[in-house]
Amino acid sequence: MNATLACVLVLAAGTYAFRLAGPVLHGRVHLPARVQELLTVGATVLLVALLATGALTEGQGFAGWSRPAGVLLGGILAWRRAPFALVVVGAATATALLRLAGVP
Amino acid sequence: MRSPHRTNDSPDRTAHAPGPSLVRLSDLPPGVLRDIALVWLADAVVGVSFGAIAVAGGLPLWVPVLMSLLVYAGSAQFSAVGLLTAGGGPVAAAATGLLLNSRTAAFSLALADDLGRSWAARLIGAHLITDETAAFVLAQDEGKARRAAFWISGIGLFLAWNVSVLTGALAGTALGDTDRFGLDAAFPAVLLALVLPALRADGAARRASAAGAVIAVAAAPLLPAGMPVLLALLGLLAARRGPRRPRTTAPGSAS
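Numbers given for residues are sequential positions, taken from 1 along each chain in its written order. To read the labels, note that chains go from A and ligands from 1, taken in the order they are written. Totals for whole chains, interfaces and linings use every residue, but because this is a predicted model, local features are given only for residues with pLDDT of at least 70 and side-chain atom pairs only at 80 or more, for both listing and counting. Just so you know, side-chain values use all the structure's heavy atoms and leave hydrogens and water out.

Named according to an unreviewed UniProt entry, chain A is AzlD domain-containing protein originating from Streptomyces alfalfae.

Following this line, the structure appears as structure tokens:
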């Protein structure tokens, strides 16, 4: 089987299993608070690492200045509680304009 | 009055109206539907960029489309596609996605009462549990409003997400070089917007994330794609060094 298809199916099956936990285990099992906390913080750590490497690196090198600058603008918009759509469009537009101006 | 076995007669109704009564728009407090619709719209924009980024990164059209139908979890999909297109490999992509989605188990436990009683409602409803639906349900106090918030936001979000991802994937093939439009900056910005509330609220998460990000970026030039992000989990060790920890190390009382 195609490895990408296998990846999608494994991810889908695992995710559905997580989602079924509530309806199936309801009232029977309670995750220890420490485990829940660790899972939550772990997910945040992964997302931040992903966005940091995604913003700064391309392959194994530096991505250039336009991309991190756009991401930074998106971050500032998000920090000021701008709507989600504005964050996305703002980041992309800033990067596109910088590239248009010749910034790598 | 209705016997649970009769739900077979009207599968449509069980999907939309779990339990003895239909979910009605009027069960929602005023203003909530507008908030829900805004989130549909925002997620549709994100969906379009997800589809476009995936295809522009070199994945065939069916990957983002199938992933959106079956996985249906924005951040995990973005991370999986990010790793697949950067050459991180399918194993790292699936592992990272699963770790990210493990939080839906906690949401699912929190929402278990609000899906409805029948098994059809629970099995279908489970697939609709996302960060957004959980947020909308937990914002309502009363049972009927919670269930209405769940099904209305959930079904709408599922439709909005999948239609927009398909649209983006089709557009992505037509757009050609999406870097020109800065779409490569959209993906990290989306993740940043997603984690910001958690970072704002939780000092331990901030410390762990900062440490993890430094580790990942430092490791990026040295390791194959996918590895640096998993290595960032070492940052969790930094989360333990919180202000709660006693100044003198006393192993017996520390935990």
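Undergrad: With reference to specific residues and values, describe the overall build of chain B.
TA: Check the secondary structure of chain B and you find 14 helices and zero strands. For helices the rule is a DSSP run of H or I covering at least 4 residues; for strands it is a run of E covering at least 2, with both sets numbered from the N terminus onward. Reading the secondary structure of chain B in the N-to-C direction produces α-α-α-α-α-α-α-α-α-α-α-α-α-α. Any residue under 20% of the maximum accessible area for its type is buried, any over 50% is exposed, and the rest in between are partly exposed; the area is computed with a 1.4 Å probe on protein chains only. By the burial criterion, 48% of the 255 residues in chain B qualify as buried. In this analysis, two residues are considered to be in contact whenever any of their non-hydrogen atoms come within 4.5 Å of each other. Contacts in chain B between residues far apart in sequence, at least 24 positions, make up 69% of those at least 6 positions apart. Surface exposure of chain B reaches about 11,900 Å², of which carbon and sulfur atoms provide 65%. Reported accessibility uses the Shrake-Rupley method at a 1.4 Å probe radius. Residues are deemed covered only where the shown protein chains occlude them.

Undergrad: Describe a nonpolar patch on the surface, with residues and values.
TA: Patches draw on residues past 30% relative accessible area with no salt bridge. Two like charges within 9 Å are joined, as are two nonpolar side chains (Val, Leu, Ile, Met, Phe, Trp, Tyr) within 5 Å. Here, a salt bridge means any Lys or Arg side-chain nitrogen found within 4 Å of an Asp or Glu carboxyl oxygen. On the surface, Val24(A), Leu25(A), Trp119(B) and Leu123(B) cluster together into a nonpolar patch covering about 340 Å² of accessible area. Looking at the nonpolar patch, the elements with two or more residues in it are α1 (3–25) of chain A together with α7 (119–127) of chain B. Residue placement: Leu123(B) occurs in helix α7.

Undergrad: Go over the packing of helix α8 (residues 131–138) of chain B against helix α9 (residues 143–175) of chain B with me, naming the residues and quoting the values.
TA: All names here are of chain B. Taken N-terminus to C-terminus, the directions of α8 and α9 make an angle of 155 degrees; their axes are 8 Å apart at the nearest point. Accordingly, the angle class assigned to the pair α8 and α9 is roughly antiparallel. As α8 runs across α9, the sense of the crossing is right-handed. Packed against α8, whose contacting residues are Glu132, Thr133, Phe136, Val137 and Leu138, the element α9 presents Arg146, Ala149, Phe150, Ser153, Gly154 and Leu157 at the interface. Class assignment for the residues of the contact of α8 with α9 results in six nonpolar, three polar and two charged. Fitted lines through C-alpha atoms give the axes, limited to the stretch in contact for helices. The angle between two N-to-C directions lies from 0 to 180 degrees. Should an angle fall under 35 degrees it is called roughly parallel, over 145 degrees roughly antiparallel, and 65 to 115 degrees roughly perpendicular, with every other angle called oblique. The crossing is said to be left-handed when, going from far helix to near helix, the turn is anticlockwise and less than a right angle, and right-handed when the turn is clockwise. Classification used: nonpolar for Ala, Val, Leu, Ile, Met, Phe, Trp, Tyr, Cys and Pro, charged for Asp, Glu, Lys and Arg, polar for all others including Gly.

Undergrad: Tell me what's going on with the packing of aromatic side chains, and back it up with residues and numbers.
TA: Pairing of aromatic side chains here covers Phe, Tyr and the six-membered ring of Trp, requires ring centres within 6.5 Å, and sorts the geometry by plane angle: under 30 degrees stacked, over 60 edge-to-face, intermediate tilted. Scanning all chains against the criterion turns up five aromatic pairs over all chains. Ring pairs connect the aromatic residues Phe50(B), Phe78(B) and Trp161(B), which therefore count as one cluster. Our definition puts a charge over a ring when NZ of Lys or CZ of Arg is within 6 Å of the ring centre and also within 35 degrees of the ring normal. A cation over a ring is seen here: Arg122(B) above Trp119(B), with NZ or CZ 4.5 Å from the ring centre. The ring of Trp79(A) carries Arg200(B) above its face, with NZ or CZ at 4.3 Å from the centroid.

Undergrad: Before we move on, could you go through the packing of helix α4 (residues 74–85) of chain B against helix α10 (residues 183–201) of chain B and cite the residues and values that matter?
TA: All names here are of chain B. The N-to-C vectors of α4 and α10 enclose an angle of 145 degrees; their axes lie 11 Å apart at closest approach. The element α4 and its partner α10 pack so that their crossing is left-handed. Taken together, the residues of α10 that come into contact with α4 (itself represented by Ser75, Phe78 and Ser79) are Phe187, Val190, Leu191 and Leu194. Classifying every residue of the contact of α4 with α10 gives five nonpolar, two polar and no charged.

Undergrad: Please give an account of the interface of chain A and chain B that cites residues and values.
TA: Counting from both sides, the interface comprises 58 residues of chain A and, opposite them, 82 residues of chain B. Buried area is a sum: the accessible area each of two parts loses on coming together, probed at 1.4 Å, counted once for each and added. Between chain A and chain B the total buried area reaches about 6,300 Å² when both faces are included, carbon and sulfur atoms providing 78% of it. The three residues of chain A that bury the most area against chain B are Arg19(A), Leu46(A) and Phe84(A), which together make up 13% of that side's buried surface. Counting every contact that joins chain A to chain B gives two salt bridges. Taking the shortest distance from any N to any O, the salt bridge between Asp184(B) and Arg67(A) comes out at 2.7 Å.

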